[in-house]
Amino acid sequence: MKISIQREDIQEYEVNMQDATLLTVLNEIKSKQDATLTFASGCRSGVCGSCSVRVNGREVLACGHKVQDGDFVEPLKNSPIIRDLVVNMDRAYNFNFKAKAWLNPHINTPSITQEDEKINEIQSDCILCGSCYSVCPVYAVNDEFLGPFSLTRVWKYVSDKREGKSDSKIENIQTNGVWDCTLCNECSLVCPQGISSKLDIEKLRSKSVMAGYSDPNFANFGGGFGFDGSPSF
Amino acid sequence: MKSDVLIIGAGGAGLVAALHAYESGAKVRVITKEYPTRSQTCMAQGGINAALGNVGEDSVEAHVQNTLKSAKSIANEEAVRLLCESASEAVKWLDSIGVCFSRTKDAKIAQRTLGGASAPRACYAQDYTGLKILHTLYDRCLAYGIEILNEKYLLDFITNKDSVCGATVLDIRSGEVESYESSSVVIATGGYARIYDKYSTNSTASTGDGISAAIRAGARVSDMEFIQFHPTALKGSSILISESARGAGGYLLNSKGERFTNELAPRDEVSRAIHNEMLKGEDIFIDIRHLGEKFIDEELPQERKLAKLYENVDPVYDLVPIKPSAHYTMGGIEVDDKSCTKVRGLYAVGECANHRVHGANRLGGNSLLELVVFGKQAGVNAAKYVKDMNASMHSHAEYGNEKSMCSRSGEWERVSSSTRDEELVPMLQRGNVNPEIDFYKIREELGNIFYKDVGISRDKKILESVLVKVKNYIAQLPKMGVSDKSKIYNTNLIEFLEFKNMLELSRLILKGAISREESRGAHFRADFPNEDENFASHTIVDKDGVVA
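By convention here, each chain's residues receive numbers from 1 onward along its written sequence. A letter from A marks each chain and a number from 1 marks each ligand, given out in the order of writing. The predicted origin of the model limits local features to residues at a pLDDT of at least 70 and limits the giving and counting of side-chain atom pairs to 80 or more, whereas totals for whole chains, interfaces and linings rest on all residues. Values reported for side chains reflect all heavy atoms of the structure, with hydrogen atoms and water molecules removed beforehand.

## Quick look at the overall build of chain A
Move 1: Helix and strand definitions here come from DSSP, where helices need a minimum of 4 consecutive H or I residues and strands a minimum of 2 consecutive E residues; each element is numbered from the N-terminal end. Helix and strand counts for chain A come out as ten helices and seven strands.
Move 2: Expressed as lengths along the three principal axes of its C-alpha atoms, the size of chain A is roughly 65 × 45 × 25 Å.
Move 3: We call a residue buried when its accessible area falls under 20% of the maximum for its residue type, exposed when it is over 50%, and partly exposed in between, using a 1.4 Å probe and counting protein chains only. When each of the 233 residues of chain A is scored for burial, the buried share is 57%.
Move 4: Taking the intrachain contacts of chain A between residues at least 6 apart in sequence as the baseline, contacts between residues at least 24 apart amount to 63%.
Move 5: Only the protein chains shown count as covering a residue, and every accessible area follows the Shrake-Rupley method with a 1.4 Å probe. For chain A, the exposed surface amounts to about 9,900 Å²; the carbon and sulfur share of it is 51%.
Move 6: Counted as positive: Lys and Arg. Counted as negative: Asp and Glu, with His and the chain ends omitted from the count. For this purpose, a charge sits on NZ of Lys, CZ of Arg, CG of Asp or CD of Glu. Computing the positive centroid from 24 side-chain charges and the negative centroid from 30, chain A places the two 4 Å apart. The contact criterion used throughout is that any non-hydrogen atoms of two residues lie within 4.5 Å.

Shown next, in the form of structure tokens:
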């Protein structure tokens, strides 16, 4: 079976393995054929988010993808390539900081019911693999866009009964945040955890509107409203 | 800039220590060889123990007794009491910072039964407990603005006489060696079960780097021979199937479809039972079909996904083939009741440390608890150490002279080690000559030998022959090395450095395993199958050999 890997140039490797995950194959190549092949890995079981790459143009976890003959493997897009399949995720990670994606606890922790728990259960499955930033067309052209995983994280906390400062979180995502997304849904399609940041962003938009914010793009089309972010109705 | 508290490792233990050191007023810096959230902690599935009694009757005393029983008389009862008594507060704290625990119908934190527990005691978040705790801790660190530096590999601790004053690291991205000065250092680098290579459930990062470096810096380690084998790892890939699968009523079956053991006994007993069946030529399976699709999707979604991916079986309809695999290392760096090592200012916490709460066999659900309880202890005490040191310097009116005692470069006493930066550069510059011996081959061989001979069942003669082999590998190290000569993100080099650390720890495991002529918990000697009171103590080792 042959796979090719985008390094400085495209390099082809022949491996004799059946029904193997891409990560197993990459390890086999590194330890038996070419020690210079560079990729990141950790848990091998889809929870650490280290080994996300693109195969045939699609974001996958190397540990969760069964290799097919002829697969073409590339690094993630929209993050600086350090070497071969390893990209620098610092910038994407930093959006969690910019988006203030943490809990501002109440003084007394309210009790959470099974229904409350389900509201953000799937959002708390996120493994920060960065696939969503790689596929996001908005992040590709606006590197200040807070981006999918950090907005999902904001929704996770905003929707949590234990959150004490929901308003300031909503305020913080008005610029380069919820209104910049084109709702193209690409992030949902590649998420290995089945999270839809698009849906979360839509929910954050509703919350924003309820808090008195509006879509700045829409306001502009409506005529007569400026960019000052003031409510448009 | 110099930090007060430097934390090596950004898993659960490291981040808890960071948060508490910060809250104690210290200037904190965290360094990780990966990114935070990628550590071993994210793989913990089963839960975190606390005798809340939310689901069935439970008590702190029962938790203490279960833990002590499983530890086989070599846990420190005081430490175990502290662990169990702090558990309720630990879970409450996690809840208060936003961990998404599963809940009961009456809006309490849900709990389930793990092996060796007399009650449903493990608080969980589906089978993503570690992941959700780790990510919440990370978010908390962001809220405090704690500095976290990614992709820097620990080389050595910098010491001055018997005190620590920082660490040297290899920046993986640039290939440059950097020094970070700090008044105190917390080691939170995880365990060493990757020695078992493809027979380990662990992340590829669990290579014992911090333990090795601590020994080189003069710290002591203990109980290295106690290595827990998890009964249910997937047969082909050693990927973990959580104990909660058995806790929920899963059966273990042999090829004949017969049950052969109490599935809810502690891990050492279940692993040995499986091992014995396998010696008879049986294949072993876990059967959770009777739990039903709804339950499996609700409580064990990850298990279903992994079994399908790695074994091509769907646990809703099929038996899942399993084998025991190296999962957790009870041994580690010796610490006192403040989490401090023998080196002043150097603290250790998490799997790399030995707080003497697990003894000869850890209970499921106690390791997440350990990192919260002792992470706090380490963080608070590291911060206090710095405060006291600064105060005493002021009072001696020598502050001006002494404040940078560690940075007077001439007096830095670099720890003796084979991974010093002076030796890294030549390793990369050895022309295009490929190393004579391929360390990847040896790494795999070491894993195979350890699984077979230093695994679930051990024997003096065989252990001694493995020790000869390991010494031989160590002697051959100069002939090994890296064939990748790049400075930029050289994982070949990192893996070689990790391998060297594992090789060193292998030697210590063997010394402990050979000298412990008895069977206790996870350490089973076929030639001494019974517990022997004379060995009801700890094996303590420093860089010169067995101390006690």
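## Side note on the sheet that holds strand S3 (residues 52–55) of chain A
All names here are of chain A.
Move 1: Two strands qualify as a pair provided that DSSP identifies no fewer than 2 bridges between them. Pairing in this open sheet of five strands is mixed, and the strands run S2-S1-S5-S3-S4 from one edge to the other. Every other strand in the sheet has two partners, leaving strand S2 (10–14) and strand S4 (58–61) as the edge strands with one partner each. Neighbour to neighbour, the strand axes of the sheet diverge by 35 degrees on average, direction disregarded.
Move 2: One ladder, built from two bridges, connects strand S1 (residues 2–6) with strand S5 (residues 72–74); its direction is parallel. When the sheet's bridge partners are listed, Ile5 is paired in S5 with Val73.
Move 3: Against the sheet, helix H1 (residues 22–33) makes contact with S1, S2, S3 and S5, and its axis sits at roughly 85 degrees relative to S1, the strand it touches most. Angles here are taken between N-to-C directions and fall from 0 to 180 degrees, while the axes themselves are lines fitted to C-alpha atoms, restricted in helices to the stretch in contact.

## As for the interface of chain A and chain B
Move 1: Counting from both sides, the interface comprises 58 residues of chain A and, opposite them, 62 residues of chain B.
Move 2: The term buried area means the drop in 1.4 Å probe accessible area that two parts suffer when joined, counted for both and summed. Between chain A and chain B, a total of about 4,700 Å² is buried, with carbon and sulfur atoms accounting for 48% of that surface.
Move 3: Broken down residue by residue, the surface that chain A buries against chain B is led by A:Arg44, A:Val47 and A:Tyr93, which jointly contribute 14%.
Move 4: A pair is scored as a salt bridge if a Lys or Arg side-chain nitrogen falls within 4 Å of a carboxyl oxygen belonging to Asp or Glu. Counting the contacts that link chain A with chain B gives six salt bridges.

## Quick word on the packing of helix H14 (residues 439–453) of chain B against helix H15 (residues 460–476) of chain B
All names here are of chain B.
Move 1: Relative to each other, H14 and H15 sit at 165 degrees, their axes nearing to 11 Å. Accordingly, the angle class assigned to the pair H14 and H15 is roughly antiparallel. With respect to the hand of their crossing, H14 and H15 are arranged in left-handed fashion. Together, Ile442, Glu445, Leu446, Ile449, Phe450 and Asp453 of H14 and Ile462, Leu463, Val466, Lys469, Val470 and Tyr473 of H15 make up the contact between the two elements. Should an angle lie under 35 degrees it is considered roughly parallel, over 145 roughly antiparallel, and from 65 to 115 roughly perpendicular; all remaining angles are considered oblique. Two helices crossing with the near one rotated counterclockwise from the far one by less than a right angle form a left-handed crossing, whereas a clockwise rotation gives a right-handed crossing.

## Here we look at the domain arrangement of chain B
Residues and elements named next belong to chain B.
Move 1: For chain B, the domain assignment lists domain 1 (232–325) and domain 2 (416–546).
Move 2: Segment limits for the domains were obtained from an automatic or database-derived domain assignment. A C-alpha centroid distance of 30 Å is found between domain 1 and domain 2.
Move 3: Each side of the interface is counted separately: domain 1 has six residues, and domain 2 has six residues.
Move 4: Buried surface at the junction of domain 1 and domain 2, both sides included, amounts to about 520 Å², of which 68% is carbon and sulfur.
Move 5: If you look at where domain 1 meets domain 2, you find zero salt bridges.
Move 6: Pairs of N or O atoms within 3.5 Å make up the polar contacts considered here, provided that, within protein, one atom can donate a hydrogen while the other can accept it, and that residues adjacent in sequence are counted only when both atoms are side-chain atoms. Counting across the domain 1 and domain 2 interface gives two residue pairs in polar contact (both at pLDDT 80 or more).
Move 7: At the level of secondary structure, the elements contributing two or more residues to the side of domain 1 that touches domain 2 comprise helix H8 (267–279) and strand S14 (320–329).
Move 8: With four residues, the single largest contributor to the side of domain 1 that touches domain 2 is H8.
Move 9: For this classification, Asp, Glu, Lys and Arg are treated as charged, while Ala, Val, Leu, Ile, Met, Phe, Trp, Tyr, Cys and Pro are nonpolar and the rest, including Gly, are polar. Split by residue class, the side of domain 1 that touches domain 2 holds one nonpolar, two polar and three charged.

## A word on the domain arrangement of chain A
Residues and elements named next belong to chain A.
Move 1: In terms of domain boundaries, chain A breaks down into domain 1 (2–87) and domain 2 (90–222).
Move 2: Spacing between the C-alpha centres of domain 1 and domain 2 amounts to 29 Å.
Move 3: Counting residues at the interface gives twelve residues for domain 1 and 16 residues for domain 2.
Move 4: The largest share of the area that domain 1 buries against domain 2 comes from Arg58, Glu59 and Asn78, three residues that together contribute 50% of it.
Move 5: Here domain 1 is connected to domain 2 by one salt bridge.
Move 6: A salt bridge links Arg58 to Glu186, with the nearest nitrogen and oxygen atoms 3.2 Å apart.
Move 7: Here domain 1 is connected to domain 2 by seven residue pairs in polar contact (both at pLDDT 80 or more).
Move 8: If you list the elements that add at least two residues to the side of domain 1 that touches domain 2, you get S3 and S4.
Move 9: Per element, the largest residue contribution to the side of domain 1 that touches domain 2 is three residues, and it comes from S4.

## Things to note about the pairing of strand S13 (residues 284–287) of chain B
All names here are of chain B.
Move 1: Burial along S13 is two-sided: the face carrying Ile284 and Ile286 and the face carrying Phe285 and Asp287 are both buried.
Move 2: Judged from the three bridges that link them, strand S12 (residues 251–253) and S13 form a sheet pairing that is antiparallel. Bridging from a neighbouring strand, Leu253 pairs with Phe285 of S13.

## Here's the deal with helix H1 (residues 12–23) of chain B
For an α-helix, 3.6 residues make a turn, and residues three or four places apart therefore share a direction.
All names here are of chain B.
Move 1: With twelve residues, H1 ought to run about 16 Å at 1.5 Å a step, and its terminal C-alpha atoms sit 17 Å apart, in line with that.
Move 2: The buried fraction of H1 amounts to ten of the twelve residues, a majority that puts the element mostly inside the structure.
Move 3: At the exit of H1 stands Gly25, carrying a positive phi of roughly 95 degrees. Expected helix span is taken as 1.5 Å per residue step, with the number of steps being one fewer than the number of residues.

## Re the sheet that holds strand S3 (residues 48–49) of chain B
Residues and elements named next belong to chain B.
Move 1: Taken together, three strands build an open sheet; the order of strands is S3-S5-S4 and the sheet is antiparallel. Either end of the sheet is taken by a strand with one partner, and the two such strands are S3 and strand S4 (111–112).
Move 2: Relative to strand S5 (residues 122–123), S4 is paired through two bridges, and the arrangement is antiparallel. What sits directly across from Arg112, in S5, is Ala122.

## Quick notes on the environment of A:Asp69
Residues and elements named next belong to chain A.
Move 1: Its location among the elements puts Asp69 in the loop between S4 and S5.
Move 2: Of the residues examined, Asp69 reaches a relative accessible area of 57% and is grouped as exposed.
Move 3: Residues Asp69 and Asn96, spaced 27 residues apart in sequence, show a C-alpha to C-alpha distance of 38 Å.
Move 4: In contact with Asp69, other than residues within four places in its own chain, are Met1 and Lys2.

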